[in-house]
Amino acid sequence: MQKKRDDTYFMQRAIKLAQKAALSNEVPVGAVVVYDNKIVGRGWNQVETRKDASRHAEIIALKQAAKKLGRWRLSGCTVYVTLEPCAMCAGAMVLSRVDRLVFAAPDPKAGACGSVFNIVEDIRINHRIKVERGLLAKESSQLLKDFFKKRRSQNL
């Protein structure tokens, strides 16, 4: 019998993907989609690399999960992401019927899961997602701070 992995384990996997994004000079955000205690989708930001504003970690991971599971409805899935999702990604999770979202760092400028908007829990929308906030937030926030500090120093 396979050992049940916990939220921390999966968030650590997302952080590893965020580190991969940072190495490619992308905003360090990573995401994994989990179904039945297994990772079925992985993503990291690839906006700059692919020259495509939709290449956010969450979108990439959702697409991979849908392909692997053979269905667009991702009921039964949990998304783990290192930064609070934006409106585009939150909307995609709602439309994909994800059950649960666990995110690390809040995004006070563009967060759409409680900080600026709350798309995933809005009662006016036909599907709501259970949200857990702040898991490994310190580690994720540090990645972002280091990335933007380095970026600012290169622009001087």
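Quick look at the structure, then. (Residues numbered from 1 in each chain as written. Predicted model: local features only at pLDDT ≥ 70, side-chain atom pairs only at ≥ 80, totals over all residues. Heavy atoms only, no water.)

## A few points about the packing of helix α3 (residues 57-69) against helix α4 (residues 87-95)
Right, so step 1: Relative orientation of the contacting elements α3 and α4 amounts to 20°, with a least axis distance of 9 Å. Classified by the angle between their axes, α3 and α4 sit roughly parallel to one another. Between α3 and α4 lies a crossing of left-handed hand. Residue-level contacts link Glu-58, Ile-59 and Leu-62 of α3 to Met-88, Cys-89, Ala-92 and Met-93 of α4.
Right, so step 2: Residues of the contact of α3 with α4, tallied by class, amount to 6 nonpolar, no polar and 1 charged. (Axes fitted to C-alpha atoms, helices over the stretch in contact; angles between N-to-C directions. Helix = DSSP H or I, 4+ residues; strand = E, 2+ residues; numbered from the N terminus. Parallel < 35°, antiparallel > 145°, perpendicular 65-115°, else oblique. Left-handed = near helix turned anticlockwise from the far one by under 90°. Contact = heavy atoms within 4.5 Å. Nonpolar A, V, L, I, M, F, W, Y, C, P; charged D, E, K, R; others polar.)

## Focus on the sheet that holds strand β1 (residues 30-35)
Right, so step 1: The strand order β2-β1-β3-β4-β5 describes an open sheet built from 5 strands, whose pairing is mixed. The sheet is open, and its two edges are formed by β2 (38-44) and β5 (130-133), each paired on a single side. The average undirected angle you get between the axes of adjacent strands in this sheet is 15°.
Right, so step 2: Alignment of β1 against β2, held across 6 bridges, turns out to be antiparallel. Bridged to Gly-30 within β2 is Trp-44.
Right, so step 3: Each of β3 (77-83) and β4 (100-105) touches helix α5 (residues 137-154); the most contacted strand, β4, lies at about 60° to it. (Pairing = 2+ DSSP bridges.)

## Describing the nonpolar core
Right, so step 1: The biggest cluster of nonpolar side chains holds 31 residues, and the ones touching the most others in it are Val-33, Leu-62, Met-93 and Leu-101.
Right, so step 2: If you list the elements that add at least two residues to this core, you get β1, α3, β3, α4 and β4.
Right, so step 3: Among all residues touching Val-33, those that are not within four sequence positions of it are Lys-38, Ile-39, Val-40, Gly-41, Ala-61, Leu-62, Ala-65, Cys-77, Thr-78 and Val-79.
Right, so step 4: Residues Phe-10, Ala-14, Ile-15 and Val-32 belong to the second largest nonpolar core, which totals 14 residues. (Core = buried A, V, L, I, M, F, W, Y, C linked by side-chain atoms within 4.5 Å. Buried < 20%, exposed > 50% of the residue type's maximum accessible area, 1.4 Å probe, protein only.)

In short, shape yes, function no, at least from these values alone.
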